[in-house]
Amino acid sequence: MTTGWGKLAAALTTGLLAAAVLVGCGSKSSNSSDGVTTADSGGKSTEQAKAETKGSGDRKEISIWHYFEHEAAALEKVADKYNELQDDVHITCTYVSRDELMNQYTIGAVSGELPDIGMVDSPDMASYISLGVFEDIDDELKAWGDIDQFYEGPLNSCRDSEGRLHGIPNNSNCLALLCNMDILNAAGIKETPTTWDEFYEVCKATTNPADSVYGFAMCAVGNEEGTFQYIPWLYAAGADVTTLTSLEAAESLDFLAKLVNDGLMSKEVVNWGQGDALNAFAAGKAAMLESGTWQIAQFDSGDVKLDCNYQYAMLPKGKQNASVIGGENFGVCTGTEAKEECVDFLKYMMTAENNADWCEIAGKLPVRGDATKLKDFWTEDPRYAVFNESMDYAVARGPHESWPTISEAIYTAEQSVLLGEKTGTEAMAQAAGIVDPILDEVPIAK
């Protein structure tokens, strides 16, 4: 059995090594913005974040660190409104790059240098709970009376191994297929593909090497974003994280590798974050894209301009339909001197009305059932309707306290196959050698 100190030492080593790599290699800008956003170090460092957290008169100062980019203004609007409603505390929201923030959680578990409230990608929360980064706020949230309104999937990602809540989900999202219908129609294709076989044929028909146009673009970068975008293919093939040595798991990797090997998907996808893949699609260099809910808001706001007729469809079906859940959680960090006040703000931020308003602006899906009922556009807008249907088949990543290690094994396997270094069977055998012992010790909760 791995001890808590053993986990902490391993996490510290991983975090410090990651920081060293980031410093040594520099960083790459990305305009991606979802539950697994990998924001670059162009954001605030934690030292800058500390310097920017200022007191506000006699009020108690509460700091919130987050890695939202496009949604930052919406978060700050909620905080500003809360600040106007009362005179006891002042909420300050500070953007910190995702990598920097995750490193700070790891180091802060020992040093105590943590914000009052911190944001975390939902599959990573169990790991940081096990390290002691987030306070147990189960009693406070249950006394609130609203917790039963939250969907179980997102809410469960905030629980520890004993089922107690250490935070609250903020938003949810999933993935679907975005199609440039101008390119598809020009190739004689009138309908979006529904199966892997149809999808391959559409990729083949819409690829144009002379103009550097590929049939499909996705993110297969070596981090959580890559795992996020690969998971639907793993599950659609009929496999899952617990069956990595299965024939189906190998087939999911080999199918994506075939797209690269046949010239239907750029080899550069191993270097692309979700924002990079979106940029390729927006530039007309890909006929189809694995796209997230949050990107609709980017289209509607004009942050990303699409000069084409486009249509969303569910990701193509292998043996079954599949998508993956994303989203962020907020937790009260250990050591805060304002635990009660922090919980009060989280409850305010996550009222049904605020959750609905925020998710509408950010292009996310609410985590409260009663919030979904407050807006019509999640069902009346055909784009969001596709994502709502996809949520019926969307799976969670974990939750597991060792998800970062599990995820690394998975995205490493994907990259090795797309780069032609291993077959799907070889890559998955190597990944299973890492993942299976972890799950034998602590299974993923069903």
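Before any of the text, the structure's been laid out above.
Definitions and limits used
Residues numbered from 1 in each chain as written. Predicted model: local features only at pLDDT ≥ 70, side-chain atom pairs only at ≥ 80, totals over all residues. Heavy atoms only, no water. Helix = DSSP H or I, 4+ residues; strand = E, 2+ residues; numbered from the N terminus. Expected span 1.5 Å × (residues − 1). Bend = angle between axes of the 7 residues up to and from the residue. Buried < 20%, exposed > 50% of the residue type's maximum accessible area, 1.4 Å probe, protein only. Contact = heavy atoms within 4.5 Å. Pairing = 2+ DSSP bridges. Axes fitted to C-alpha atoms, helices over the stretch in contact; angles between N-to-C directions. Core = buried A, V, L, I, M, F, W, Y, C linked by side-chain atoms within 4.5 Å. Right-handed = clockwise from strand over helix to strand, strands pointing away. Phe/Tyr/Trp six-rings, centres within 6.5 Å; stacked < 30°, edge-to-face > 60°. Salt bridge = Lys/Arg side-chain N within 4 Å of Asp/Glu carboxyl O. Parallel < 35°, antiparallel > 145°, perpendicular 65-115°, else oblique. Left-handed = near helix turned anticlockwise from the far one by under 90°.

> I'd like a rundown of helix H20 (residues 424–441), residues and numbers included.
The end-to-end C-alpha separation of H20 is 25 Å, in line with the 26 Å expected for 18 residues at 1.5 Å each. At Ala432, H20 shows its maximal kink, close to 35 degrees. Here H20 has its buried residues at Gly424, Ala427, Met428, Ala431, Ala432, Val435, Ile438 and Leu439. For H20, the elements touching its buried residues are helix H10 (224–236), helix H11 (247–261) and helix H19 (403–418).

> Any details on the sheet that holds strand S6 (residues 214–217)? Residues and values, ideally.
In any sheet, the strands associate via hydrogen bonds between backbone groups, in a parallel or an antiparallel arrangement. A sheet is described by the order of its strands in space; here 4 strands give the open sequence S6-S7-S5-S8, paired in mixed fashion. The two strands at the open ends of the sheet, each matched to only one other strand, are S6 and strand S8 (310–313). Shown here is a sheet whose adjacent strand axes are inclined to one another by a mean of 20 degrees, direction ignored. Pairing of strand S5 (residues 175–180) with strand S7 (residues 286–292) involves 5 bridges; the strand directions are antiparallel. By the bridge assignment, Leu178 is partnered in S7 with Leu289.

> Explain the sheet that holds strand S10 (residues 328–332) to me, and be specific about the residues and the numbers.
If you trace the 5 strands from one edge of the open sheet to the other, you get S2-S1-S3-S10-S4, paired in mixed fashion. In the strand order of this sheet, the two ends are held by strand S2 (89–95) and strand S4 (167–169), each with one partner. On average, each strand axis in the sheet is tilted by 20 degrees relative to the strand beside it, whichever way the strands run. With 3 bridges joining them, S4 and S10 adopt antiparallel strand pairing. Within the sheet, the bridge partner assigned to Pro169 lies in S10 and is Asn329. Running at roughly 170 degrees to S2, helix H3 (residues 72–85) makes contact with strand S1 (60–66), S2 and S10 of the sheet.

> I'd love a proper account of the nonpolar core, names of residues and values included.
The nonpolar side chains of soluble globular proteins are, as a tendency, buried together. Formed by 141 residues in total, the largest nonpolar core has its most connected members in Tyr105, Phe216, Leu234, Val241, Leu259, Met288 and Phe345. In this structure, Leu259 is in contact with Phe199, Tyr200, Cys203, Phe216, Leu264 and Met265, ignoring residues within four places of it in sequence.

> Pulling in residues and values, what's your account of the pairing of S1?
Within S1, 6 of the 7 residues are buried, which leaves it mostly tucked inside the rest of the structure. Bridge analysis of S1 against S2 gives 7 bridges, and the strand direction is parallel. Counterpart to Lys60 in the pairing with S2 is Val89. Handedness of the crossover is the feature at issue here: the chain leaves S1, passes through H3, returns alongside S2, and the resulting connection is right-handed. In terms of strand pairing, S1 meets strand S3 (residues 117–121) through 2 bridges, oriented parallel. For Trp65, the partnering residue across the bridge sits in S3 and is Gly118.

> Outline unusual backbone geometry, supporting the account with residue identities and numerical values.
Glycine aside, negative phi is the norm for most residues, and most peptide bonds take the trans geometry. Residues Gly398 and Pro399 are joined by a peptide bond in cis, for which omega reads -5 degrees. Residue position: Pro399 is located in the loop between strand S11 (394–395) and H19. In the Ramachandran plot, Ser212 falls in the positive-phi region, its phi being about 55 degrees despite a non-glycine side chain. Mapped onto the elements, Ser212 comes out in the loop between helix H9 (196–206) and S6.

> Can you explain the packing of aromatic side chains? Please cite residues and give values.
Going through the model one piece at a time under the given rule, you end up with 20 aromatic pairs. Look at Tyr105 and Tyr128: their rings are 5.4 Å apart centre to centre, the planes differ by 65 degrees, and that puts the pair in the edge-to-face class. Of this pair, Tyr105 sits in helix H4 (residues 98–111) while Tyr128 sits in helix H5 (residues 125–130), placing them 23 residues apart in sequence. For the pair Tyr105 and Tyr128, a shared accessibility class is recorded, and that class is buried. Measuring from ring centre to ring centre gives 4.4 Å for Phe377 and Trp378, while their planes differ by 35 degrees; the resulting arrangement is tilted. With respect to burial, Phe377 and Trp378 carry one shared label: buried. Taken together, the aromatic side chains of Trp196, Phe199, Phe216, Trp233 and Phe255 make up a single cluster linked through ring pairs.

> Which residues make up the pattern of salt bridges, and what values go with them?
In the structure shown here, the tally under the stated rule is 22 salt bridges. Between Asp121 and Arg98 there is a salt bridge, and its shortest N-O distance comes to 3.2 Å. Taken together, the residues span a long stretch of sequence, with Asp121 in strand S3 and Arg98 in helix H4 at a distance of 23 residues. Residue class for Asp121 comes out buried when judged on its relative accessible area of 0%. The exposure class assigned to Arg98 is buried, which follows from its relative accessible area of 6%. Between Glu135 and Lys339 there is a salt bridge, with the nearest N and O atoms lying 4.0 Å from each other. Here the residue Glu135 occupies a position in the loop between H5 and helix H6 (138–144), and Lys339 occupies one in helix H14 (residues 339–349), the gap between them amounting to 204 residues. Three or more residues joined by partner-sharing salt bridges are found here, namely Arg98, Asp121, Asp124, Glu224 and Arg397.

> Describe the packing of H11 against H20, with residues and values.
The relative placement of two packed helices comes down to the angle between their axes together with the axis-to-axis distance. Where H11 meets H20, the closest approach of the two axes is 8 Å, and the angle between their N-to-C directions is 125 degrees. With respect to their mutual orientation, H11 and H20 come out oblique. Crossing geometry of H11 relative to H20 is assigned as right-handed. Along the contact surface, H11 presents Ala249, Ala250, Leu253 and Asp254, while H20 presents Gly424, Thr425, Ala427 and Met428.

> Quick one: what's the story with the environment of Leu234, residue by residue and with numbers?
Along the polypeptide, Leu234 turns up in helix H10. On the accessibility criterion, Leu234 (0% relative accessible area) is buried. For the pair Leu234 and Ala322, spaced 88 residues apart in sequence, the C-alpha separation works out to 8.6 Å. Each residue touching Leu234, except ones within four places of it in the same chain, is listed here: Ala239, Asp240, Val241, Leu244, Ala249, Ser252 and Met428.

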